[in-house]
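# Understanding the architecture of this molecule
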Amino acid sequence: MNDIPQQKGITLSLYADDTAILAQGKKFSTISNSLSSHIPKLESWLKRWKIQLNVEKTEAIIFSKYFKHCPEIKIYNTPVPWKKEIKYLGVILDRNLTFRPHLNHIKNKYNKAFRAQYSFICSNSRLSTQNKLLIYQAYLRPILTYASPVWAFTQNPTLISFRYGIGWKTKPWHDHAGRLVYQKCRHQKIHQYPLPQRLHH
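The sections below set out a description of the structure shown in this document. Only a predicted model underlies this, so the values are computations on that prediction, with no experimental measurement involved.

Rules used in this analysis
- Each chain carries its own residue numbering, running from 1 in the written order of its sequence.
- Residues qualify for local features only when their pLDDT is at least 70, as the model is predicted, and side-chain atom pairs are given and counted only at 80 or more; totals for whole chains, interfaces and linings, by contrast, use all residues.
- The side-chain figures draw on all heavy atoms in the structure; neither hydrogens nor water molecules are used.
- For salt bridges, the criterion is a side-chain nitrogen of Lys or Arg within 4 Å of an Asp or Glu carboxyl oxygen.
- In this text, helices come from DSSP runs of H or I with a minimum length of four residues, and strands from runs of E with a minimum of two, each type numbered from the N-terminal end.
- Each residue is assigned to one of three classes by its accessible area relative to the maximum for its type, calculated with a 1.4 Å probe on protein chains only: buried under 20%, partly exposed between the two thresholds, exposed over 50%.
- In what follows, a contact means two residues having at least one pair of non-hydrogen atoms within 4.5 Å.
- Think of each axis as a best-fit line through the C-alpha atoms, taken over the contacting stretch in the case of a helix, with angles from 0 to 180 degrees between the N-to-C directions.
- Orientation labels follow simple angle bins: below 35 degrees gives roughly parallel, above 145 gives roughly antiparallel, 65 to 115 gives roughly perpendicular, and whatever is left gives oblique.
- Ten residues, namely Ala, Val, Leu, Ile, Met, Phe, Trp, Tyr, Cys and Pro, are considered nonpolar, four, namely Asp, Glu, Lys and Arg, are considered charged, and the remaining ones, Gly among them, are considered polar.
- One less than the residue count of a helix, multiplied by 1.5 Å, gives the span that helix is expected to have.

## Concerning the pattern of salt bridges
One pass over the full model with this rule turns up two salt bridges. Residue D3 pairs with R48 through a salt bridge whose shortest N-O separation is 3.5 Å. You can see D3 sitting in the segment before β1 (10-15) and its partner R48 sitting in helix α1 (residues 28-48), a full 45 residues away along the chain. Note that K74 and E72 form a salt bridge whose closest N and O atoms lie 3.9 Å from each other.

Put into structure tokens, the structure is as follows:
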């Protein structure tokens with residue numbers, strides 16, 4: 001991977017089999033030209049190393065408040081569609097980086113998981129408090145905390161809506177200090193993988 005093509009104005013983000021090509025500029029045409037000049041070099045490198053690219057899953061996005069029509073870019077002579085939001089490494093990135101689509105995704109995923117586990121962690125369950133804590137720590141909380149350093153500092157109204165969306169002020173399991181509230185473990189603080197501080201206020 002050390003010989004992957006590099007170019008001024010282009011940043012490559014590589015993780016496993018996911019690759020992001022980042023270009024920055026004041027004009028959309030500048031960004032498009034940078035990408036269009038780099039892509040042929042990348043195609044040659046992929047061909048040399050016999051790496052197959054899934055063109056159908058290749059997407060592009062502009063992070064800007066003032067979106068205009070961008071010139072077409074192609075890879076292997078196939079147009080790359082410009083999207084309003086994309087998913088990269090499990091995080092949904094929207095055009096304005098509000099993270100609302102991502103937080104809605106987390107909310108729905110968490111609520112679905114919570115309902116699936118509710119019979120085990122509800123007050124009528126015969127599981128011990130410690131086992132209920134383990135279910136929360138191992139299964140539920142990772143859904144909330146995944147990639148939280150990326151989205152935890154978004155706008156307060158978005159976070160407030162997110163907190164209410166997962167029942168933050170209702171009976172279940174959380175209070176504003178990031179504690180687990182349930183019968184004997186009331187006010188018992190969980191130290192591993194705490195939720196971001198911005199979620200606690």
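Here the narrative resumes.
## Structural notes on the environment of Y66
Along the polypeptide, Y66 turns up in the loop between α1 and β3 (74-75). Judged by relative accessible area, which is 65%, Y66 ranks as exposed. Separated by 30 residues in the primary sequence, Y66 and N96 place their C-alpha atoms 9.1 Å from one another.

## Quick word on the environment of Y15
Along the polypeptide, Y15 turns up in strand β1. On the basis of relative accessibility, which here comes to 55%, the residue Y15 falls in the exposed class. Once the C-alpha coordinates of Y15 and L89 are considered, the two residues, 74 residues apart in sequence, prove to be 8.3 Å apart. Not counting residues within four places of it along the chain, the set of residues in contact with Y15 comprises Y88 and L89.

## Overview of the environment of R100
Secondary-structure assignment places R100 in helix α2 (residues 100-121). Placed 54 residues apart in sequence, R100 and T154 show a C-alpha to C-alpha distance of 9.0 Å. R100 has contacts with D94, Q155 and T158, leaving out every residue within four places of it along the chain.

## Focus: unusual backbone geometry
Glycine aside, negative phi is the norm for most residues, and most peptide bonds take the trans geometry. The backbone of A16 shows a phi angle near 55 degrees, a positive value even though the residue is not glycine. Take A16: it is sitting in the loop between β1 and β2 (18-23). On the accessibility criterion, A16 (74% relative accessible area) is exposed. Although it is not a glycine, Y76 sits at a positive phi angle of roughly 55 degrees. Relative to the helices and strands, Y76 is located in the loop between β3 and β4 (78-79).

## Points about the packing of α2 against helix α5 (residues 156-165)
With their axes 10 Å apart at the nearest point, α2 and α5 run at an angle of 10 degrees to one another. Relative to α5, the element α2 lies roughly parallel. Contact with α2, carried on its side by R100, L103, I106, K107 and N111, involves T158, L159, F162 and G165 of α5 and no other residues of that element. Taken together, the residues of the contact of α2 with α5 break down into four nonpolar, three polar and two charged.

## Observations regarding α1
Between the first and last C-alpha of α1 there are 31 Å, a value that for 21 residues agrees with the 30 Å anticipated at 1.5 Å per step. Those residues of α1 not exposed but buried are F28, I31, S32, S34, L35, H38, I39, L42, E43, W45 and L46. Buried residues in α1 make contact with β1, β2 and β3. Where α1 terminates, the next one or two residues include K50, which has phi positive at roughly 55 degrees.

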